[in-house]
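Spelled out from the first residue to the last, the chains are:
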Number of protein chains: 2
Amino acid sequence: MDSLFADRINDVPRSFIREILKVALDPSVISFAGGLPNREFFPAEELQQATEQVFALQGRDLFQYSSSEGFLPLREWIAKRYRDTQGLDISADSILITSGSQQGLDLLGKVLLNEGDGLLMEAPGYLGAIQAFSIYRPEFLNVAVNEQGMVLEELDRQLQGTSPKLAYTVPNFQNPSGISYSDANRQAVAERLKGKNCILIEDNPYGDLRFSGDPVASFYNRLPEQTVLLGSFSKCVIPGFRLGWMVAPEPLMQKLLVAKQATDLHTSHFTQCIVHQYLMNHDIDAHLKTIIDAYGSQCRAMMAAMDRHFPDTVHYTRPDGGMFLWASLPESLSAMALFELAVKQQVVFVPGDPFYTDRSNSSTLRLSFSCVDAETIDVGIERLGRAMGEMLAK
Amino acid sequence: MDSLFADRINDVPRSFIREILKVALDPSVISFAGGLPNREFFPAEELQQATEQVFALQGRDLFQYSSSEGFLPLREWIAKRYRDTQGLDISADSILITSGSQQGLDLLGKVLLNEGDGLLMEAPGYLGAIQAFSIYRPEFLNVAVNEQGMVLEELDRQLQGTSPKLAYTVPNFQNPSGISYSDANRQAVAERLKGKNCILIEDNPYGDLRFSGDPVASFYNRLPEQTVLLGSFSKCVIPGFRLGWMVAPEPLMQKLLVAKQATDLHTSHFTQCIVHQYLMNHDIDAHLKTIIDAYGSQCRAMMAAMDRHFPDTVHYTRPDGGMFLWASLPESLSAMALFELAVKQQVVFVPGDPFYTDRSNSSTLRLSFSCVDAETIDVGIERLGRAMGEMLAK
């Protein structure tokens with residue numbers, strides 16, 4: 001049967017994150033490996049109430065096939081939110097509801113990428129984006145990110161002689177590294193892409209989860225005609241409904257709609273109505289504050305524990321929001337090898353390899369602080385520090 | 001921006017069905033154009049009750065990210081249903097829950113089709129399949145269908161000198177034509193494909209909606225190692241949740257899972273739980289009987305009205321189930337031209353063109369009987385007969 005498969009599917013990297021998550025099922029193992037939002041903050045009762053209201057308000061139309069664009073009142077809410085929180089003038093017509101923002105990545109690949117097209121990719125970058133785009137066989141043009149954002153020398157080098165069609169960015173509290181692009185860095189990246197035949201994707205699932213520092217204006221302010229915004233309800237309200245959205249300029253939106261219809265006709269109308277009702281009933285900012293307070297204190301606990309327990313030669317990022325933190329071992333050491341030692345110490349993380357399109361045995365690792373309380377974080381980081389010590393002593 | 005688009009997206013046919021559906025919004029227009037299940041039969045109260053139970057039973061896990069394969073108890077229910085109703089031995093491990101069976105088509109295209117690969121396609125065939133596959137740029141190898149199934153001479157001709165990778169079939173109450181493949185035809189098609197490096201897709205959204213005749217065994221009985229089954233809850237329970245499934249042999253299932261993860265991570269866990277709870281609480285066959293009785297009597301009303309009101313030179317299929325019926329004008333006449341006359345008579349249908357990959361100005365048309373009562377059907381068919389008479393008189 002192997003000869004049946006399309007070439008494209010063999011390009012998609014398999015991730016070993018699933019295998020890691022199996023190790024993490026052992027309750028004696030402390031896991032910093034997951035990428036899940038903390039279930040304690042799901043507004044369960046509120047969503048149940050919203051569901052009851054939706055049943056009462058909508059009747060049978062709730063269950064019928066619906067529009068590919070998505071539920072208009074929900075798109076209007078999103079447009080208003082962009083206006084209220086970021087001052088962006090985005091019309092509901094420019095918004096397409098997707099089955100999670102992961103689907104937005106698939107649709108962009110479908111509509112924009114011919115085989116071999118250049119795609120600027122953060123290194124490290126979001127694994128789900130690497131997987132979604134790999135299907136369409138682009139040439140990944142990797143650009144390192146650091147605590148300012150994209151490394152501009154690397155961006156300049158990649159732009160010499162190539163005309164990338166897409167640039168993929170997570171400028172706020174990036175997955176996997178937790179870094180954010182500074183204002184100056186966004187400006188510099190935008191200037192380099194301005195006027196080129198290139199779409200910049202600003203994927204922003206974590207933007208609302210800022211626990212320190214000041215917000216920085218979106219790429220949309222700098223490159224409105226070339227920017228596609230991806231958003232998600234997964235991190236701020238609920239992941240299991242699979243609801244996200246994309247904002248795209250008109251001619252691209254028409255093509256995205258064709259692709260959306262061909263892909264799954266439309267996203268569940270029922271869950272769109274429930275989330276809309278929830279947003280009508282509740283103060284989302286109050287809800288966000290609860291999550292932000294918890295993630296912020298957990299992140300601070302993780303950084304403090306690292307200060308105490310990690311060898312001096314191990315460096316790590318200091319996120320202002322989101323769910324992830326990124327550590328770097330001395331370059332000669334492999335995070336995969338550390339993983340083996342860490343499992344014995346009953347602590348797990350995700351080694352950095354899957355977050356690069358071109359690297360193995362990297363010396364970096366992702367740690368998530370979203371689902372672990374401060375006390376457990378300290379124990380887990382101490383264990384991990386011990387494993388690092390063992391490794392360095394070899 | 002046009003130069004940005006991938007070649008594949010320009011291959012996807014735009015359908016004018018959306019435009020037709022706009023005409024159909026006028027309440028004085030009788031529409032046989034829609035492809036919607038009848039909303040009267042959505043089990044609204046039962047789904048509401050199931051939702052309440054799911055909230056009570058599952059707690060917060062209901063809202064978390066979930067497995068790409070889908071909710072195991074729902075997959076087990078589907079496996080049992082295949083066993084109970086068709087005697088098929090299918091394990092839950094061979095079942096992947098999809099965001100509607102439309103997504104199954106997209107995933108199959110992703111995993112199997114290289115550009116230019118041969119794909120046997122029914123003519124006329126399901127528009128959504130033409131759209132989903134077009135994204136992956138196959139060579140469509142069209143095979144006419146008639147009231148027995150695939151026209152074997154055409155199938156033989158297409159198999160000479162080509163090695164299609166996929167064969168797409170809707171053997172029960174096909175959309176758009178309402179025809180079903182006979183037992184002998186299935187056997188003949190299966191024998192021709194057996195042992196070839198070719199996957200046969202049996203898309204079966206309407207199979208449970210049989211109102212006359214006897215069930216015919218699935219392709220899965222004849223070609224188990226080469227058959228992929230697609231199923232859907234859209235026509236029998238609820239379309240708006242976007243829930244379908246696929247059954248595939250093991251090595252293909254592994255690739256489909258990779259593609260599913262890259263496409264949308266997983267299908268909404270919440271809606272899967274609700275449908276599963278509904279199926280646990282209720283006798284699905286009793287529910288199906290209600291739908292079948294209604295669609296059967298509406299189909300008979302449509303056929304009787306056609307006998308009365310259509311010119312003798314117009315032919316039409318006599319479905320044993322499903323939602324659609326297919327009419328053929330004398331070959332020199334265009335269904336698009338008839339459409340213009342029909343709108344003036346305040347009745348609409350879908351001209352046949354979008355159901356072919358290679359035809360325009362076809363003389364065929366699709367009529368849906370699912371959402372129109374018998375009395376209105378008679379009025380609408382009389383109007384359409386009048387438009388046909390006008391056309392023939394020209």
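The rules behind these values
Residue positions are given per chain, counting from 1 as you read along its sequence in written order. Both sets of labels track the order of writing: A upward for chains, 1 upward for ligands. Since the coordinates come from a predicted model, pLDDT governs what is reported: local features require at least 70, and pairs of side-chain atoms require 80 or more to be given and counted, while whole-chain, interface and lining totals use all residues. In computing side-chain values, all of the structure's heavy atoms are included and hydrogens and water are not. Every helix listed is a DSSP run of H or I at least four residues long, and every strand listed is a run of E at least two residues long, numbered separately from the N terminus. Radius of gyration: C-alpha atoms only; globule rule: 2.2 Å multiplied by the number of residues to the exponent 0.38. Whether two residues are in contact is decided by their heavy atoms: any pair within 4.5 Å suffices. Here, Shrake-Rupley sampling with a 1.4 Å probe gives the accessible areas, and only protein chains in the shown set may cover a residue. Neither His nor the chain ends is counted toward charge; the positive residues are Lys and Arg and the negative residues Asp and Glu. A charge is said to be at NZ when it belongs to Lys, at CZ for Arg, at CG for Asp and at CD for Glu. For two strands to be treated as a pair, DSSP must find at least two bridges joining them. Here an angle of 0 to 180 degrees is reported between the N-to-C directions of two axes, which are lines fitted to C-alpha atoms, with helices fitted over the stretch in contact. With a 1 Å grid spanning the protein atoms alone, the term cavity applies to any set of points in which a 1.4 Å probe fits but cannot get out, the term pocket to an open set with protein on both sides within 12 Å along at least five of seven lines, and the term lining residue to any residue with an atom within 4 Å of a point. Grid points are joined across faces, edges and corners, and a volume is the space filled by probe spheres set on the points. Basically, the charged four are Asp, Glu, Lys and Arg, the nonpolar ten are Ala, Val, Leu, Ile, Met, Phe, Trp, Tyr, Cys and Pro, and anything else, Gly included, counts as polar. Burial here depends on accessible area, computed with a 1.4 Å probe over protein chains only, as a share of the maximum for the residue type. Under 20% is buried, over 50% is exposed, and the range in between is partly exposed. Handedness of a crossover is defined as follows: with both strands directed away from the viewer, a clockwise route from the first strand across the helix to the second makes it right-handed. For this document, the term salt bridge refers to a Lys or Arg side-chain nitrogen within 4 Å of an Asp or Glu carboxyl oxygen. Each of two parts loses accessible area, computed with a 1.4 Å probe, when they are put together; buried area is these two losses added. Under this definition, polar contacts are N or O atom pairs within 3.5 Å; protein pairs additionally need one hydrogen-donor-capable and one acceptor-capable atom, and for neighbouring residues in sequence, both atoms have to be side-chain atoms. Stacked, tilted and edge-to-face are the three classes assigned to paired rings of Phe, Tyr and Trp, where Trp is represented by its six-membered ring and a pair needs centres within 6.5 Å; plane angles under 30 degrees give stacked, over 60 edge-to-face, the rest tilted. Angle categories are assigned with fixed cut-offs, so that under 35 degrees is roughly parallel, over 145 is roughly antiparallel, 65 to 115 is roughly perpendicular, and the rest are oblique. Crossings are classed by handedness, with left-handed meaning an anticlockwise turn of the near helix from the far one by less than a right angle and right-handed meaning a clockwise turn. Every helix has an expected span of 1.5 Å times one less than the residues it contains. Residues reaching a pLDDT of at least 70 in both copies supply the C-alpha atoms on which the copies are superposed by least squares.

A. Up close: the overall build of chain A. Scanning chain A for helices and strands turns up 13 helices and 14 strands. Against the compact-globule benchmark of 21 Å for 394 residues, chain A has a radius of gyration of 21 Å, which places it among compact chains. A sequence separation of at least 24 residues applies to 75% of the contacts in chain A between residues at least 6 apart. When the accessible surface of chain A is summed, it comes to about 14,100 Å², and 48% of that surface belongs to carbon and sulfur atoms. Positive and negative side-chain charges of chain A, numbering 34 and 48 respectively, have mean locations separated by a distance of 2 Å.

B. Local environment of the sheet that holds strand β5 (residues 149–150) of chain B. Residue and element names in this part refer to chain B. Within the open sheet, the eight strands sit side by side as β2-β9-β8-β7-β6-β3-β4-β5. Their pairing is mixed. In this open sheet, the two strands that pair with only one neighbour each are β2 (95–98) and β5. The sheet contact formed by β2 and strand β9 (residues 244–247) spans four bridges and is antiparallel. The residue bridging Ile97 from the neighbouring strand is Trp245, located in β9. Against the sheet, helix α7 (residues 152–159) engages β3 (118–123), β4 (139–146) and β5, with an angle of about 165 degrees to β4. The strands touched by helix α9 (residues 250–264) within the sheet are β2, β7 (199–203), β8 (227–232) and β9, with β2 carrying the most contacts at an inclination of about 25 degrees.

C. Fine view of empty space enclosed by the protein. All names here are of chain B. One pass over the structure, following the stated rule, counts four cavities of 30 Å³ or more. Volume-wise, the largest cavity comes out at about 70 Å³. Residues belonging to the lining of the largest cavity are distributed by class as follows: two nonpolar, six polar and three charged. Quantified by volume, the second largest cavity comes out at close to 40 Å³. Around the second largest cavity, the lining residues are Pro37, Asn38, Phe41, Phe42, Ser234, Lys235, Cys236, Val237, Ile238, His287, Ile291 and Tyr295.

D. Quick look at the pairing of strand β6 (residues 166–169) of chain B. Residue and element names in this part refer to chain B. Neither face of β6 is left uncovered, since the one carrying Leu166 and Tyr168 and the one carrying Ala167 and Thr169 both have all their residues buried. For β3 and β6, the ladder comprises three bridges, and the chain directions are parallel. By the bridge assignment for β6, Met121 is matched with Tyr168. When β6 meets β7, the two strands line up parallel, connected through four bridges. Bridge pairing in β7 places Ala167 opposite Leu200. In terms of handedness, the path from β6 via helix α8 (residues 183–193) over to β7 forms a crossover that is right-handed.

E. Region of interest: the side chain of Asp353 of chain B. Residues and elements named next belong to chain B. Among the structural elements, Asp353 can be located in the loop between β13 (350–351) and β14 (364–368). No salt bridge is formed by the buried Asp353. Its closest oppositely charged neighbour is Arg359, at 7.5 Å. Apart from the residues within four sequence positions on either side, Asp353 is in contact with Met336, Arg359, Ser360, Asn361 and Ser362.

F. Looking closely at the interface of chain A and chain B. The partner chain B presents 76 residues to the 76 residues of chain A that form the contact. Interface area for chain A against chain B, summed over the two sides, is near 7,000 Å², with a carbon-plus-sulfur share of 58%. The interface formed by chain A and chain B includes six salt bridges. Residue Asp61 of chain B pairs with Arg39 of chain A through a salt bridge whose shortest N-O separation is 3.0 Å. Taken together, chain A and chain B are joined by 42 residue pairs in polar contact (both at pLDDT 80 or more). For the side of chain A that touches chain B, the secondary-structure elements that each account for two or more residues are α1 (7–10), α3 (44–58), α5 (101–112), α6 (127–134), α9 (250–264) and α10 (269–281) of chain A. Class assignment of the residues belonging to the side of chain A that touches chain B gives a composition of 35 nonpolar, 23 polar and 18 charged.

G. Inspection of the packing of aromatic side chains at higher detail. Overall, the coordinates contain 37 aromatic pairs over all chains when judged by the stated rule. Consider the rings of Phe55 of chain A and Phe63 of chain A, whose centres lie 6.1 Å apart with planes at 50 degrees: the pair is tilted. On the basis of an interplanar angle of 85 degrees and a centroid distance of 6.5 Å, the ring pair of Tyr82 of chain A and Trp245 of chain A is categorised as edge-to-face. One end of the pair, Tyr82 of chain A, is in helix α4 (residues 72–86); the other, Trp245 of chain A, is in strand β9 (residues 244–247), and 163 residues separate them in sequence. Residues Tyr82 of chain A and Trp245 of chain A agree in their burial class; the two are buried. The rings of Phe42, Phe55, Phe63, Phe241 and Phe270 of chain A together with Phe42, Phe55, Phe63, Phe241 and Phe270 of chain B are connected pair by pair, giving a single aromatic cluster.

H. Molecular detail of the environment of Leu120 of chain B. All names here are of chain B. Tracing the backbone through its elements, the reader meets Leu120 in strand β3. For Leu120, a relative accessible area of 0% translates into the label buried. Along the sequence, Leu120 and Phe140 sit 20 residues apart, while their C-alpha atoms lie 6.2 Å from each other. With residues up to four places along the chain from it excluded, the contact list for Leu120 reads Leu141, Val143, Leu155, Gln158, Leu159, Pro164, Leu166, Ala167, Tyr168 and Leu193.

I. Representation of the packing of helix α5 (residues 101–112) of chain B against α9 of chain B in the model. Residue and element names in this part refer to chain B. Direction vectors running N to C along α5 and α9 enclose 110 degrees, while the axes themselves pass 9 Å from each other. Classified by the interaxial angle, the pair formed by α5 and α9 is roughly perpendicular. Helix-helix and strand crossings are classified by hand; for α5 and α9 the assignment is right-handed. Touching Gln103, Asp106, Leu107, Leu108, Lys110, Val111 and Leu112 of α5 are Leu252, Lys255, Leu256, Ala259, Lys260, Thr263 and Asp264, all from α9.

J. Looking closely at α4 of chain A. Residues and elements named next belong to chain A. Relative to the 21 Å expected for 15 residues at 1.5 Å per residue, α4 spans 21 Å between its end C-alpha atoms, a close match to the ideal helical length. All of the buried residues in α4 are Leu74, Arg75, Trp77, Ile78, Ala79, Arg81 and Tyr82. Looking at the packing, one finds that the buried side of α4 touches β2 (95–98), β8 (227–232), β9, α10 and α11 (284–309). Remark: Gly87 follows α4 within two positions and exhibits a positive phi of approximately 65 degrees.

K. Spotlight on the relation of the copies chain A and chain B. When chain A is brought onto chain B, the operation consists of a screw motion whose angular component is 180 degrees and whose axial shift is 0.0 Å, with 0.0 Å RMSD remaining. Taken together, the rotation and translation describe the operation of a two-fold axis. A symmetric contact is evident, with 100% of the interface residues of chain A recurring at the interface of chain B.

L. Here's a closer look at the pattern of salt bridges. Across all of its chains, the model carries 32 salt bridges over all chains by this definition. With its nearest N and O atoms 3.3 Å apart, the salt bridge here joins Lys110 of chain A to Asp106 of chain A. Of this pair, Lys110 of chain A and Asp106 of chain A both sit in helix α5, four residues apart, roughly one helical turn. You can call Lys110 of chain A buried: its relative accessible area is 0%. Members of the salt-bridge network, linked through shared partners, are Asp106 and Lys110 of chain A together with Asp106 and Lys110 of chain B.

M. Examining the sheet that holds strand β7 (residues 199–203) of chain A more closely. Residues and elements named next belong to chain A. With mixed pairing, the eight strands of this open sheet are ordered in space as β2-β9-β8-β7-β6-β3-β4-β5. In the strand order of this sheet, the two ends are held by β2 and β5 (149–150), each with one partner. The strands that α9 touches are β2, β7, β8 and β9; relative to β2, the one it contacts most, it runs at about 25 degrees.

N. Up close: the pairing of β8 of chain A. Residues and elements named next belong to chain A. The element β8 is largely enclosed, with a buried count of six among its six residues. Both faces of β8 are covered, namely the face carrying Thr227, Leu229 and Gly231 and the face carrying Val228, Leu230 and Ser232. Relative to β8, β7 runs parallel, the two sharing four bridges. What sits directly across from Asp203, in β8, is Leu230. Bridging between β8 and β9 involves four bridges; their strand directions are antiparallel. Residue pairing across strands places Ser232 opposite Gly244, the latter belonging to β9.

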